[in-house]
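Chain by chain, the residues:
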Amino acid sequence: MMNLLTNSPDEIVRLITETHEQLSQQRDLSPNNALVNFQLTRLVNFVTQTHHEQDAKNALQVLADRGLVKKMRVLCQEAEFQLEKYYSSAILELSRN
């Protein structure tokens, strides 16, 4: 049997809103930034857990109404780009040695 989290839509919205606030204040969204690593790891761990479907839908609707879905997508895309750039550089550097 699957264990569902009992986070209310308000708790889901709160976590994602806090994550957005923290990330949007950062100039560096690369893995060099410990705060970015912490926030994104916390977010991924949270959203990859199983939530009640209706709670998740309700939270996403609130986030969309506030414009946060689009804003988080932009921040996460930039962070993903920085992550790929960071590790590509690290791999290239290792291959030169």
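Refer to the structure above for everything that follows.
One structure accompanies this document, and this report is about it.

1. Comments concerning the overall build of the protein
- Scanning the protein from N- to C-terminus turns up four helices and zero strands.
- In terms of its C-alpha atoms, the protein occupies a principal-axis envelope of roughly 50 × 35 × 20 Å.
- Buried positions account for 28% of the 97 residues belonging to the protein.
- In the structure as shown, the protein presents an accessible area of about 7000 Å², 54% of it carried by carbon and sulfur atoms.

2. Some thoughts on the side chain of Gln 82
- With respect to the element layout, Gln 82 can be found in helix H4 (residues 68-96).
- When residues no more than four places from it in sequence are discounted, the contact partners of Gln 82 are Leu 29, Ser 30 and Pro 31.

3. Description of the pattern of salt bridges
- Per the stated rule, a full pass over the model turns up four salt bridges.
- Two residues, Arg 14 and Glu 18, come together in a salt bridge whose shortest N-O distance is 3.1 Å. Here the residue Arg 14 and the residue Glu 18 both occupy positions in helix H1 (residues 9-24), the gap between them amounting to four residues, near one helical turn.
- Taking the relative accessible area as the measure of exposure, Arg 14 reaches 44% and is therefore partly exposed.
- With a shortest N-O distance of 3.6 Å, Glu 18 and Arg 42 are connected by a salt bridge. Of this pair, Glu 18 sits in helix H1 while Arg 42 sits in helix H2 (residues 34-47), and the two are 24 residues apart along the sequence.
- Residues participating in the shared-partner salt-bridge network are Arg 14, Glu 18 and Arg 42.

4. Brief notes about the nonpolar core
- Of all hydrophobic cores here, the largest spans 16 residues; its most connected members are Ile 16, Leu 23, Leu 29, Leu 40, Leu 43 and Met 72.
- Sort the elements by how many residues they give to this core and H1 lands first, with five residues.
- Contacts of Leu 29, omitting those with residues within four sequence positions, involve Leu 23, Val 36, Leu 75, Glu 78, Ala 79 and Gln 82.

5. Topic: the side chain of Ser 30
- Along the polypeptide, Ser 30 turns up in the loop between H1 and H2.
- Residue class for Ser 30 comes out buried when judged on its relative accessible area of 5%.

6. Things to note about the packing of aromatic side chains
- In total, this model carries one aromatic pair according to the counting rule given.
- Judged by centre distance (4.8 Å) and plane angle (80°), the rings of Tyr 86 and Tyr 87 are edge-to-face.
- Note on Tyr 86: relative accessible area 32%, which makes it partly exposed.
- The class for Tyr 87 is partly exposed, based on a relative accessible area of 46%.

7. Observations regarding H4
- With 29 residues, H4 extends 42 Å between its outermost C-alpha atoms, agreeing within 8% with the 42 Å of an ideal straight helix rising 1.5 Å per residue.
- For H4, every residue scored as buried is listed here: Leu 68, Met 72, Leu 75, Ala 79 and Gln 82.
- In this structure, the buried side of H4 is in contact with H1, H2 and helix H3 (53-65).

The rules behind each value
Per chain, residue numbering runs from 1 following the sequence as it is written. Note on the predicted model: pLDDT of at least 70 is required for a residue's local features to be given, and 80 or more for side-chain atom pairs to be given and counted; whole-chain, interface and lining totals, by contrast, use all residues. Only hydrogens and water are set aside; all other atoms, that is, all heavy atoms of the structure, feed into the side-chain values. A run of H or I in DSSP counts as a helix once it spans at least four residues, and a run of E counts as a strand once it spans at least two, with each numbered from the N terminus. The buried label goes to any residue with under 20% of its type's maximum accessible area, the exposed label to any with over 50%, and the partly exposed label to all in between, with areas taken from a 1.4 Å probe on protein chains only. Methods summary: accessible areas were calculated by the Shrake-Rupley approach with a probe of 1.4 Å, and residue burial reflects only the protein chains presented. When checking whether two residues touch, look at their non-hydrogen atoms; a contact exists if any pair is within 4.5 Å. One speaks of a salt bridge when a side-chain nitrogen belonging to Lys or Arg is within 4 Å of a carboxyl oxygen belonging to Asp or Glu. We call a set of buried Ala, Val, Leu, Ile, Met, Phe, Trp, Tyr and Cys residues a nonpolar core when their side-chain atoms join them within 4.5 Å. Here is the rule: rings of Phe, Tyr and Trp (six-membered ring for Trp) pair when centre to centre is within 6.5 Å. Planes less than 30 degrees apart are stacked, more than 60 are edge-to-face, and the remainder are tilted. Any helix carries an expected span of 1.5 Å times its number of residues minus one.

Just geometry here; none of it tells us what the structure is for.
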